[in-house]
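Spelled out from the first residue to the last, the chains are:
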Amino acid sequence: MVLEENDILIDFKHVVKGEKFDDDSTHGLSHCMKAVDFIIETDTKILFVEIKDPQNPKAQIKDKNKFLESLQSGTLIRNSLTTKARDTFLYRLGLNALPYISKPIHYYVLINLETLDGAQLLNLTDRLRAAIPTIGPNNVPWKNPFISECAIFNLKTWKEQFPYFQACRKSEKN
Amino acid sequence: MTITKNGKNVKLSFSNHARDNVELIDHWDQKTGLSVYIPVKEMLANAPGFRSLYSHREIYFEEVYCDIIDRAYIPILKGPISEDRRKLLEMIQTIIQGKVIQKGEQFFLKNQQGELEFTLLAEGLRKFALLWLLIQNGTLLEGSTLFWDEPETNINPSMIQTLVKILLHLQAQGVQIFIATHSYVVLKEFDLQKGTGNAVRFFALSKDDASSEISCRTGDNYLSIIPNRIADAYDAIYNKEMTRILGE
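Residues numbered from 1 in each chain as written. Chains lettered and ligands numbered in written order. Predicted model: local features only at pLDDT ≥ 70, side-chain atom pairs only at ≥ 80, totals over all residues. Heavy atoms only, no water.

Chemist: What exactly am I supposed to notice about unusual backbone geometry here?
Modeler: Excluding glycine, residues mostly carry a negative phi; peptide bonds, for their part, are mostly trans. A cis amide bond, omega -15 degrees, links Ile132 of chain A with the succeeding residue Pro133 of chain A. With respect to the helices, strands and loops of the structure, Pro133 of chain A is situated in the loop between α5 (118–131) and β7 (147–153). The backbone of Ser212 of chain B sits at a positive phi, close to 65 degrees, despite the residue not being glycine. (Helix = DSSP H or I, 4+ residues; strand = E, 2+ residues; numbered from the N terminus.)

Chemist: What should I look at first to understand the sheet that holds strand β8 (residues 165–169) of chain A in this one?
Modeler: Backbone hydrogen bonds are what pair the strands of a sheet, in a parallel or an antiparallel way. Residues and elements named next belong to chain A. The antiparallel open sheet is built from three strands, whose spatial order is β1-β2-β8. The strands lining the two open edges of the sheet, one partner per strand, are β1 (2–5) and β8. Direction aside, the axes of adjacent strands within the sheet are offset by 20 degrees on average. Two elements, β1 and strand β2 (residues 8–12), share four bridges in a ladder whose sense is antiparallel. Each residue of the ladder has a partner; that of Glu4, found in β2, is Leu9. (Pairing = 2+ DSSP bridges. Axes fitted to C-alpha atoms, helices over the stretch in contact; angles between N-to-C directions.)

Chemist: Please explain the interface of chain B and chain A as it appears in this structure.
Modeler: It is common to give the size of an interface as the accessible area that goes away when the parts come together. Across the boundary between the two partners, chain B contributes 14 residues, which contact 22 residues of chain A. Both sides of the chain B and chain A interface together cover about 1,400 Å² of buried area, and 54% of this is carbon and sulfur. Considering only the side of chain B, the residues that lose the most area to chain A are Tyr238, Ile245 and Leu246 of chain B, jointly responsible for 46% of the buried surface there. Joining chain B to chain A, the criterion identifies two salt bridges. For Glu241 of chain B, the salt bridge identified is with Arg129 of chain A, shortest N-O distance 3.5 Å. At the junction of chain B with chain A, the criterion picks out seven residue pairs in polar contact (both at pLDDT 80 or more). Of all the elements in the fold, those that place two or more residues in the side of chain B that touches chain A are α6 (184–193) and α7 (229–246) of chain B. (Contact = heavy atoms within 4.5 Å. Buried area = accessible area lost by both parts, 1.4 Å probe. Salt bridge = Lys/Arg side-chain N within 4 Å of Asp/Glu carboxyl O. Polar contact = N/O pair within 3.5 Å; in protein donor to acceptor, adjacent residues only side chain to side chain.)

Chemist: Could you clarify how one ought to interpret the sheet that holds strand β6 (residues 106–111) of chain B in this entry?
Modeler: Residue and element names in this part refer to chain B. Strand order in the open sheet formed by three strands is β5-β6-β7, with antiparallel pairing between adjacent strands. A single partner strand is all that each edge strand has here, and the edge strands are β5 (99–103) and β7 (114–117). Neighbouring strand axes in the sheet, compared pairwise and without regard to direction, differ in orientation by 40 degrees on average. Relative to β7, β6 runs antiparallel, the two being bridged by four bridges. Residue pairing in the sheet places Leu109 in a bridge with Leu116 of β7.

Set out below in structure tokens:
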């Protein structure tokens, strides 16, 4: 199953199901709730997947700069990425989508920015984990299922970690 | 070792207890000033009595520890202070929240609260205080050379950006600086802060496991550090973390 978000294509092989979630025509509440780009169900997990592609050759300079500013200031993590995951969770919970209760939810963010190195990805991953937050109050795990793990990748590390979910640039493929 | 640059040669020799180990073979335009080596361990707090101890007893301290105390004891430089040096001193004073004074062989941090013994100060702050002394007494001036082994030691990572800023200012004023580091933060700060007025070179030394030979690669930016063992270590931690998160 190949899903695309602007210029990024990801081939989610061998999954139970998958969908492009951040789609104004089907979401229905995009005026008040944010959404992750894809929701994927594998045999063992639910994956919320968000794509950020500041290196998109077609990206406007001002949009790229705006993204970099949000990354630098921390608002990308604190506001954008966190809200997308929480709203997506609430939306699905409200619909009583049972797989989300029986399988752990992982939130993966692909930031296609090659200058992000291992140290920076680690730090961003920890900050996102704390902002969601994946652990409940007083450092005690949430009693009901919630987003249990987060991770941030660049394109290189995504490819290394997910050889079965190959990602590529659409404009380079054609 | 003879180094040639722009058709001029400088010869260096390395031996124990050498005093004059730099020979200028050709005419050298640059003023040559003092050189100073800042070791990993901070010594100002242990300075009282250390030089007599080192001179008269067999103790297992390297000579560099005595040398750095000698440099720190040099009195304040004569004459008016330049604007550049004044700014650097003020930058450090903001960090250490005071000025360094000396009574006998003992150093104190003087501020509004009084005079604080150096043994009561955090070791990282004492490193900044040492830098303050070396700038104030003219050890670090145009033409001088600073060798600093792992400047990141004992310093809060949030302070490293200021430390690098100070070092780049010194470099721009003509101080030749050599730094050995294992710190990602130090390397990245140099890479991110270096401007057109700075000359920064990165050297990656590595040992070949088979031949035991040391090789050196140089470059002008962080990404030219190859191999980069520090980045490798972070990548390894990232990979371990991903393995844990992905759980497969």
